[in-house]
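# Descriptive structure summary
In case you want the letters, here they are:
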Amino acid sequence: MTRPAERLLTELGVQLDPELLVLALTHRSFAHEAGGIPTNERLEFLGDTVLGLVVTEALYRRHPDLAEGELAKMRAATVSQRSLAAIARRLDLGAYLLLGKGELATGGRDKDSILADTLEALFGAVYLTHGLEVARGLVERLVNPTLDVAADLGAGLDWKTSLQEVAARHGLGAPEYQVDAEGPDHARAFTARIVLGGRVWGTGTGSAKKVAEQEAAAAAYRALVAAEDELHPTPGA
């Protein structure tokens, strides 16, 4: 076991078999270059389920008066790729990843998708080794700050869903997302525009399509809310 991996376990506050820890940190790009060794994808699949269960139960117990729809939004925000990547960065998880040369050359140690997937793989490894209660403790400790913030985000929990709801309320139909991309594959920049009723209501940019769309949805939601009087003028005004 290398010293960096030991530091990661200290940060997590758990012990894992060295081979299982290496597996959890092995991205498919590294596995391919190493001749097809196992990747962390099966552990990620397991960890995603553990994460979803723990977060769902925590939200259910914390917010007994919230409807299912609001709980679903809070869960989506908590387990989103962006939220998980932020947790991974706090752990400096990128420094421990086993990546292929191509991913290393294109900034793989700081990619949201890779960081989020690896964090889920670690949750899966902890569950396999120690069972649900230890895994629950780890997940709750790491995601609690996100859960605390989620309760105050309102529409920002899921801008795309919130936009769809307000657009329907104004009879504007479903939002149309128009997305353009430019730049090389390793440094793509995406621009998203949201069209409702033949009018562009919001734009957003990001290094991933989903990020650009969420930013555009946030801008469009705010624009629609600000235009309430224009969309539904007060009678006699």
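For clarity, every value in this text was computed on a predicted model and none was experimentally measured. (Residues numbered from 1 in each chain as written. Predicted model: local features only at pLDDT ≥ 70, side-chain atom pairs only at ≥ 80, totals over all residues. Heavy atoms only, no water.)

### Some words on the side chain of Glu213
Note the following rule: In this text, helices come from DSSP runs of H or I with a minimum length of four residues, and strands from runs of E with a minimum of two, each type numbered from the N-terminal end. Accessibility here uses a 1.4 Å probe with only protein chains present; expressed as a share of the type maximum, an area under 20% marks a residue as buried, one over 50% as exposed, and anything in between as partly exposed. The contact criterion used throughout is that any non-hydrogen atoms of two residues lie within 4.5 Å.
Mapped onto the elements of the fold, Glu213 is located in helix 11 (residues 209-226). Given a relative accessible area of 10%, Glu213 falls into the buried group. Dropping the residues within four chain positions of it, Glu213 is found in contact with Lys160, Tyr177, Val179, Ala192 and Ile194.

### Notes on helix 10 (residues 159-169)
Here is the rule: The directions from the helix axis to the C-beta atoms are what the arc is built from.
Residues of helix 10 that are buried: Trp159, Ser162, Leu163, Val166 and Ala167. The buried residues of helix 10 occupy one face: seen down the axis, they fall within an arc of 130 degrees. Backbone geometry just after helix 10 places Gly171 at a positive phi near 70 degrees.

### Describing the packing of aromatic side chains
Counted only if it meets this: Aromatic rings from Phe, Tyr and Trp, with only the six-membered ring used for Trp, were paired whenever their centres fell within 6.5 Å, and each pair was classed as stacked if the ring planes differed by under 30 degrees, edge-to-face if by over 60, and tilted otherwise. In this scheme, the term charge over a ring applies when either NZ of a lysine or CZ of an arginine sits within 6 Å of the ring centre and within 35 degrees of the ring normal.
Under the criterion given, the structure shown has 0 aromatic pairs. Above the ring of Tyr177, the side-chain terminus of Lys160 is found at 4.8 Å from the ring centroid. When the ring centre of Trp201 is taken as origin, the NZ or CZ atom of Arg199, which lies over that ring, is 3.8 Å away.

### As for the nonpolar core
Our working definition: What we call a nonpolar core is a set of buried Ala, Val, Leu, Ile, Met, Phe, Trp, Tyr and Cys residues that are connected through their side-chain atoms within 4.5 Å.
If you look at the biggest cluster of nonpolar residues, it comprises 44 residues, and the most contacted ones within it are Leu8, Leu12, Leu21, Leu93, Leu119 and Leu142. When residues of this core are traced back to their parent elements, those giving at least two are helix 1 (3-12), helix 2 (18-24), helix 4 (41-62), helix 5 (68-78), helix 6 (81-90), helix 8 (112-130) and helix 9 (132-150). Ranked by residues supplied to this core, first place goes to helix 8 with 9 residues. Apart from the residues lying within four places of it in its own chain, the contact partners of Leu93 are Leu8, Leu25, Ala88, Leu115, Thr118, Leu119 and Leu122. Of all hydrophobic cores here, the second largest spans 16 residues; its members include Leu196, Ala216, Ala220 and Leu224.

### A short note on empty space enclosed by the protein
The condition that has to hold: Detection works on a 1 Å grid of protein atoms alone, calling trapped sets that fit a 1.4 Å probe cavities and calling open sets with protein on both sides within 12 Å along at least five of seven lines pockets, with lining residues defined by an atom within 4 Å of a point. Grid points are joined across faces, edges and corners, and a volume is the space filled by probe spheres set on the points. The nonpolar class holds Ala, Val, Leu, Ile, Met, Phe, Trp, Tyr, Cys and Pro. Asp, Glu, Lys and Arg form the charged class, and all remaining residues, Gly among them, are polar.
For the structure on display, the rule yields 1 cavity of 30 Å³ or more. Within this model, the largest cavity holds a volume of roughly 50 Å³. In this structure, the largest cavity is lined by His27, Arg28, Asn40, Glu41, Glu44 and Asp117. Its residues placed into classes, the lining of the largest cavity shows no nonpolar, 2 polar and 4 charged.

### Some remarks on the pattern of salt bridges
As a reminder, the rule being used: Any Lys or Arg side-chain nitrogen found within 4 Å of a carboxyl oxygen on Asp or Glu counts as a salt bridge.
Tallied over the full model, the rule gives 11 salt bridges. Where Glu41 meets Arg28, a salt bridge forms, and the shortest distance between an N and an O atom there is 3.2 Å. Placement of the pair is Glu41 in helix 4 and Arg28 in helix 3 (residues 28-33), with a sequence separation of 13 residues. Of the charged contacts in the structure, one is a salt bridge between Arg136 and Glu133, with a shortest N-O distance of 3.1 Å.

### Comments concerning the layout of surface pockets
Remark: the empty space left among the atoms is shown by a probe the size of a water molecule rolled over them. Roughly 820 Å³ of internal volume is contained in the largest pocket. The wall of the largest pocket is formed by 31 residues, among which Ala76, Ser80, Gln81, Arg82 and Gln214 lie closest to the centre. Mapped onto the lining of the largest pocket, the elements with two or more residues apiece are helix 5, helix 6, helix 8, helix 9, helix 10 and helix 11. Per-element accounting of the lining of the largest pocket gives the leading share, 6 residues, to helix 11. Its residues assigned to classes, the lining of the largest pocket comprises 15 nonpolar, 7 polar and 9 charged. Considered as a void within the structure, the second largest pocket measures approximately 380 Å³ in volume. Lys111, Asp112, Ser113, Ser207 and Ala208 are the residues nearest the centre of the second largest pocket, which is lined by 15 residues in total. Those elements that place two or more of their residues in the lining of the second largest pocket are helix 6 and helix 8.

### Overview of unusual backbone geometry
Despite not being glycine, Asp92 has its phi angle at roughly 55 degrees, a positive value. Looking at where Asp92 falls in the secondary structure, it is placed in the loop between helix 6 and helix 7 (101-105).

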